[in-house]
Amino acid sequence: MDLFTHSAQDEIAATSPLADRMRPRSLDEFIGQSKIVGEGKLLRRAIQADRLQSLIFYGPPGTGKTTLAMIIANTTSSEFEKLNAVTSGVKDIRRVIKQARERKGMYQQQTILFIDEIHRFNKSQQDALLPAVEKGTIILIGATTENPYFEVNSPLVSRSRIFQLELLKREDLKQILLNALKDETRGLGEYKVHLKEEALEHIIDVAGGDARSALNALELAVLTTPTKKDGVKDITIEVAEESIQQRSLDYDQAGDNHYDTVSAFIKSMRGSDPDATLYWLAKMLEAGEDPRFIARRMIVHAAEDVGIADPQALVIANAAADAVEYVGLPEARIPLAEAAVYIATAPKSNAIIRGIDKAISTVRNQNSSGIPDHLRDAHYKGAKKLGHGKGYKYPYHYQDNYVEQQYLPDELVKEEFYHPGDQGYEEEIKQFWLKVGNKKKD
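Residues numbered from 1 in each chain as written. Predicted model: local features only at pLDDT ≥ 70, side-chain atom pairs only at ≥ 80, totals over all residues. Heavy atoms only, no water.

Two elements in contact, helix H10 (residues 170–182) and helix H11 (residues 197–207), have axes separated by 10 Å at closest approach and are oriented at 120 degrees. Overall, the two elements H10 and H11 adopt an arrangement that is oblique. As for how H10 packs across H11, the hand of that crossing is right-handed. Here Arg170, Leu173, Lys174, Leu177 and Leu178 of H10 lie close against H11, whose contacting residues are Glu197, Leu200, Glu201, Ile203, Ile204, Asp205 and Ala207. (Axes fitted to C-alpha atoms, helices over the stretch in contact; angles between N-to-C directions. Helix = DSSP H or I, 4+ residues; strand = E, 2+ residues; numbered from the N terminus. Parallel < 35°, antiparallel > 145°, perpendicular 65-115°, else oblique. Left-handed = near helix turned anticlockwise from the far one by under 90°. Contact = heavy atoms within 4.5 Å.)

Before going further, it helps to spend a moment on the sheet that holds strand S5 (residues 161–164). The strand order across the open sheet built from five strands is S2-S3-S4-S1-S5, with neighbouring strands paired in parallel fashion. Of all strands in the sheet, those bounded by a partner on one side alone are strand S2 (79–84) and S5. In this sheet, adjacent strand axes meet at a mean angle of 15 degrees when their direction is disregarded. Relative to strand S3 (residues 111–116), S2 runs parallel, the two sharing six bridges. The residue bridging Phe80 from the neighbouring strand is Ile112, located in S3. Most of the contacts of helix H7 (residues 123–135) go to strand S4 (residues 138–144), to which it runs at about 130 degrees, and overall it touches S3 and S4. (Pairing = 2+ DSSP bridges.)

With that out of the way, let us pick up the nonpolar core. By size, the foremost hydrophobic cluster in this structure holds 28 residues, and its most contacted members are Leu173, Leu177, Leu195, Ile203, Leu215, Leu218 and Ile235. Ranked by residues supplied to this core, first place goes to helix H12 (residues 211–224) with seven residues. Of all hydrophobic cores here, the second largest spans 25 residues; its members include Ile266, Leu281, Ala317 and Leu336. (Core = buried A, V, L, I, M, F, W, Y, C linked by side-chain atoms within 4.5 Å. Buried < 20%, exposed > 50% of the residue type's maximum accessible area, 1.4 Å probe, protein only.)

Listed below in structure tokens is the structure:
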């Protein structure tokens, strides 16, 4: 490297964004993701021992995927190659693999290939990697914001260790920002900055676990704030609000975050937590989820998890679905919220699911002699001569409009499909059965 090249690289580094300048260079500088790189964790041990296998780092933006790859580049004795799936193609992949094969044959040196945004490679591009990964010609490290089980070819996934990175915690983001303010070489330490607590908290709130977003907002706030006579830059809440945009929700309607959010919504209703229910509903609405999809899920949940413990839940869920079609958003958020909270706070029973599933299984797997004669239709011509309807007891002729008689086929008279619980209206059903002496009174 000549003097001019070195000078140019220094200039690029000095003018690069704060998030890039403050990128950790070692595991000791790395903040967050303790579940995968904490002391004693597998990935940390593998990096420190330089004994890596193919890896895929998966997680939201700004959580450390590329940073971990760069740390590996700084610590490994292997040759480190980097490609970006947006700008690279099969030709680039083949070039790297050819060089890796030569390097391994001539110098017995391993090659690590880091591919950023690997989910953007199409199937043929991903297939081009497979033989080299399988034979150990290269160690692949992929980074992706999309679930690799959705977006990366199954053979590559099966040959790689998946590490999921999570949104950074508030305390992690706070430490990262404070470190940037103190660092005089790579950070903002050359400035006298008074970052007010409410401004710091606002940046952390809106960044939503994304270190890159938080650092870029801090840099913008510092560089655009005038210096006072005493040489101090005051970063107020107003400056912080101007420096960081509204949070971009991590929500892909075709990917795993969509399914995870819907799952959290359903489980919050099932768990009778109205606050969590409203939170996940709000996230779906803000992310642009189809409100008709949300309404359909609530209808299913009302029948599935509330059931006859509160039959009104299904009525209200259907009413919310009708309201969505009739008024649309944003007004439809109110009936959706009303129905969601009603379902969340309703008594719960899945007795109906167990009942209908057992009945379906019985229909599929057990033979029966068919419909008992006394239950058959006796109105059509010749039916009575065949004995249809004979012996049928009309319940309204008996006390409490109930009379015990056989309704199941002969082979199934002892089967019980519906067992009411003790919540809500189902408790009333049990009490009625006790009163009339029904055999299902438990």
